[in-house]
Amino acid sequence: MKLSAVELRRISLPLVAPFRTSFGTETTKDALLIRAVTPDSEGWGECVAMDAPLYSAEYVDGAIDVIRRFLLPRLFAAGGPTAGQVAHVLEPVKGHPMAKAALEMALLDAELRAAGLPLATFFGATRDRVPSGVSVGIHESIPALLDTVAGYLAEGYVRIKLKIEPGWDVEPVRAVRERFGDEILLQVDANTAYTLGDARQLALLDPFGLLLIEQPLAEDDLRGHAELARRIATPVCLDESVTSARAAADAIALGAAQIINVKPGRVGGYLEARKIAAVAAANGVPVWCGGMLETGLGRGANAALAACPEFTLPGDVSASGRFYAQDITAPFQLEAGHIRVPTGPGIGSDVIPDVLEACTTWTETIRP
Ligand code: SMG
Ligand code: MG
């Protein structure tokens, strides 16, 4: 597919409330969008790299730099590869999965729009809506946390994920269980904030019947996660560590991943994400779709991925309103705890031009 031009666009969207994790507090979403223009259609990609390299090594300025200097020249030199060829063409450039994923997503969207095929159909998705979980940040106090969780449950979210860190783990979990009962689906996410030396503290979460604990230890600590999994009853789920289908297979083989959070951006794109889901399913490991505070572009694509049969746990695919008062696409709404999978061609979400312009802070168009 010939690439006529690629537009890089930086946007800044305010969050409805600050979102605090073990690594920092987000108040605005500073995202990079990619628009791939071909003779027949155009497609959108969303780069999930954040402003600063605190979740992973990537960050928005770095993604822009590597796309401009190293990734786009290779795509152009390859004469306009198909989305399925992007990973191979970009393989010589080490790392930068989020930057690569955004380009692959834009080409995939353009291709599927030209073919009139929805992303969910292309994936072989089997559902038209997906159960919606919500990720709840670290709060100033337990009462404030309980208010927030009460609001999300009233909205209908079917699963609650609490962000934790040392000093904010057992007490918030206990408080949520005491207030809302043992029935609600509850899990925690540490974003690498612990070490294996904290195993005893993390074992204190065992009585609360959590679905899983997500990424307690460092990204490269697979042996530590395997050992922790032997020492605690809560299933260990990996997020940051799972950077590819091979990494997923290794983690599973080591006993480091009883459950896997699949994020297309983290692993280089939706096509690699599908492979991870296949590897996990073949090993009897449940998977779910993670989130990176995506705009409606990535949110819709994530819903399509989460609608695939391997995805057996509710994902972090929440309503747009969880993060944004005004999204750049039509908002995804919660319908009885579920998010509807887009049915239009490609990713199925379209940008609202005025809103997009208003939140754009920078653009650059690059041609072959
Ligand atoms: O998009 O709903 C969302 C965010 C879900 O907690 C979420 N993501 O580690 O899983 C994770 C985090 C990464 C981003 S935190 C700023
Ligand atoms: Mg996580």
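For the structure itself, consult the block above.
Notes on the structure follow. These numbers come from a predicted model, not from an experiment.

As for the overall build of the protein chain
A tally of helices and strands in the protein chain yields 12 helices and 13 strands. Radius of gyration (C-alpha) of the protein chain: 20 Å, near the 21 Å computed for a compact globule of 368 residues. Oriented by its inertia axes, the alpha-carbon framework of the protein chain measures out at about 60 × 40 × 35 Å. By the burial criterion, 58% of the 368 residues in the protein chain qualify as buried. Sequence-distant contacts, at least 24 apart, represent 73% of the contacts inside the protein chain between residues at least 6 apart. Carbon and sulfur atoms make up 52% of the accessible area of the protein chain, which totals about 14,100 Å². Mean positive and mean negative side-chain charge positions of the protein chain (33 and 45 charges, respectively) differ by 3 Å.

Overview of the coordination of the magnesium ion (ligand 2)
Within the first shell, the magnesium ion (ligand 2) binds the protein through Asp-189 (OD), Glu-214 (OE) and Asp-239 (OD), at distances of 2.0 to 2.3 Å. Accessibility expressed as a relative area gives 0% for Glu-214, which makes it buried.

Quick word on the sheet that holds strand E1 (residues 5-21)
Strand order in the open sheet formed by four strands is E3-E2-E1-E13, with antiparallel pairing between adjacent strands. Lying at the two open borders of the sheet, with one neighbouring strand each, are strand E3 (42-47) and strand E13 (360-366). Geometrically, the sheet is characterised by an average inter-axis angle of 25° between neighbouring strands, direction not taken into account. As judged from the 13 bridges shared by E1 and strand E2 (residues 24-37), these two strands associate in the antiparallel manner.

Considering the sheet that holds strand E9 (residues 236-238)
With parallel pairing, the seven strands of this open sheet are ordered in space as E5-E6-E7-E8-E9-E10-E11. A strand with exactly one partner marks an edge of an open sheet, and here the two such strands are strand E5 (133-136) and strand E11 (287-289).

So, the packing of helix H5 (residues 142-155) against helix H6 (residues 170-180)
Following both chains from N to C, one finds H5 and H6 inclined at 50°, their axes separated by 10 Å at the closest point. Relative to H6, H5 is oriented oblique. When the axes of H5 and H6 are compared, the crossing they make is right-handed. Contacts between H5 and H6 involve Ile-142, Leu-145, Leu-146, Val-149, Ala-150 and Leu-153 from the former and Glu-171, Pro-172, Ala-175, Val-176, Arg-179 and Phe-180 from the latter.

Remarks on the site of ligand 1
Around ligand 1 there are 20 residues in total, and Ser-135, Lys-161, Asn-191, Lys-263 and Leu-293 lie nearest to it. Residue Ser-135 places a side-chain N or O atom 2.7 Å away from an oxygen atom belonging to ligand 1. For ligand 1, an oxygen atom lies 3.2 Å from a polar atom in the side chain of Glu-214. Most atoms of ligand 1, that is more than half of them, are within 2 Å of grid points of the largest cavity. Going through the elements one at a time, E1 and strand E6 (159-163) are the ones with two or more residues in the shell around ligand 1. Class assignment of the residues belonging to the shell around ligand 1 gives a composition of seven nonpolar, four polar and nine charged. Composition of the shell around ligand 1 by domain shows at least three residues from each of domain 1 (5-115 + 351-366) and domain 2 (120-340).

Procedures and definitions
- In this convention, every chain numbers its residues from 1, walking through the sequence in written order.
- Chains carry letters from A onward and ligands carry numbers from 1 onward, assigned in written order.
- The predicted origin of the model limits local features to residues at a pLDDT of at least 70 and limits the giving and counting of side-chain atom pairs to 80 or more, whereas totals for whole chains, interfaces and linings rest on all residues.
- The side-chain numbers reported here are obtained from all heavy atoms of the structure, hydrogens and water having been left aside.
- Where helices and strands are cited, they refer to DSSP runs of H or I of at least four residues and of E of at least two residues respectively, numbered from the N terminus.
- Within these notes, the globule rule equals 2.2 Å times the number of residues to the 0.38 power, and the radius of gyration is based on C-alpha atoms.
- Three exposure classes are used, based on accessible area relative to the maximum for each residue type with a 1.4 Å probe and protein chains only: buried under 20%, partly exposed in between, and exposed over 50%.
- Contacts were defined at the residue level, with two residues in contact if any of their heavy atoms lie within 4.5 Å.
- Surface accessibility in these figures is a Shrake-Rupley result with a 1.4 Å probe; residues are shielded only by whichever protein chains are displayed.
- By the counting scheme adopted, Arg and Lys are positive, Glu and Asp are negative, and His together with the chain ends is not counted.
- Charge positions come from single atoms, namely NZ of Lys, CZ of Arg, CG of Asp or CD of Glu.
- For Na, K and Ca the donor cut-off is 3.2 Å, and for all other metals it is 2.8 Å, counting N, O and S atoms only; because water is absent from this set, sites may look incomplete.
- Paired strands, as defined in this entry, are two strands with at least two bridges between them according to DSSP.
- Axes here mean lines fitted to C-alpha atoms, for a helix over just the part in contact, with angles spanning 0 to 180 degrees between N-to-C directions.
- Geometric relationships in this document are graded by angle, where less than 35 degrees denotes roughly parallel, more than 145 denotes roughly antiparallel, 65 to 115 denotes roughly perpendicular, and other angles denote oblique.
- Handedness of a crossing follows from how the near helix is turned relative to the far one, being left-handed for an anticlockwise turn of less than a right angle and right-handed for a clockwise one.
- The near set for a molecule or strand comprises every residue that places at least one heavy atom within 4 Å of it.
- Any pair of nitrogen or oxygen atoms within 3.5 Å is treated as a polar contact; in protein, a donor-acceptor pairing is required on top of that, and neighbouring residues in sequence qualify only through side-chain atoms on both sides.
- Points on a 1 Å grid over protein atoms alone make up a cavity when a 1.4 Å probe fits among them but cannot get out, and a pocket when they form an open set with protein on both sides within 12 Å along at least five of seven lines; lining residues each have an atom within 4 Å of a point.
- Think of it this way: if more than half of a molecule's atoms are within 2 Å of a pocket's grid points, that molecule is in the pocket or cavity.
- Any residue that is not Ala, Val, Leu, Ile, Met, Phe, Trp, Tyr, Cys, Pro, Asp, Glu, Lys or Arg is counted as polar, Gly included; the first ten are nonpolar and the last four charged.
- Each domain's extent was defined by an automatic or database domain assignment.

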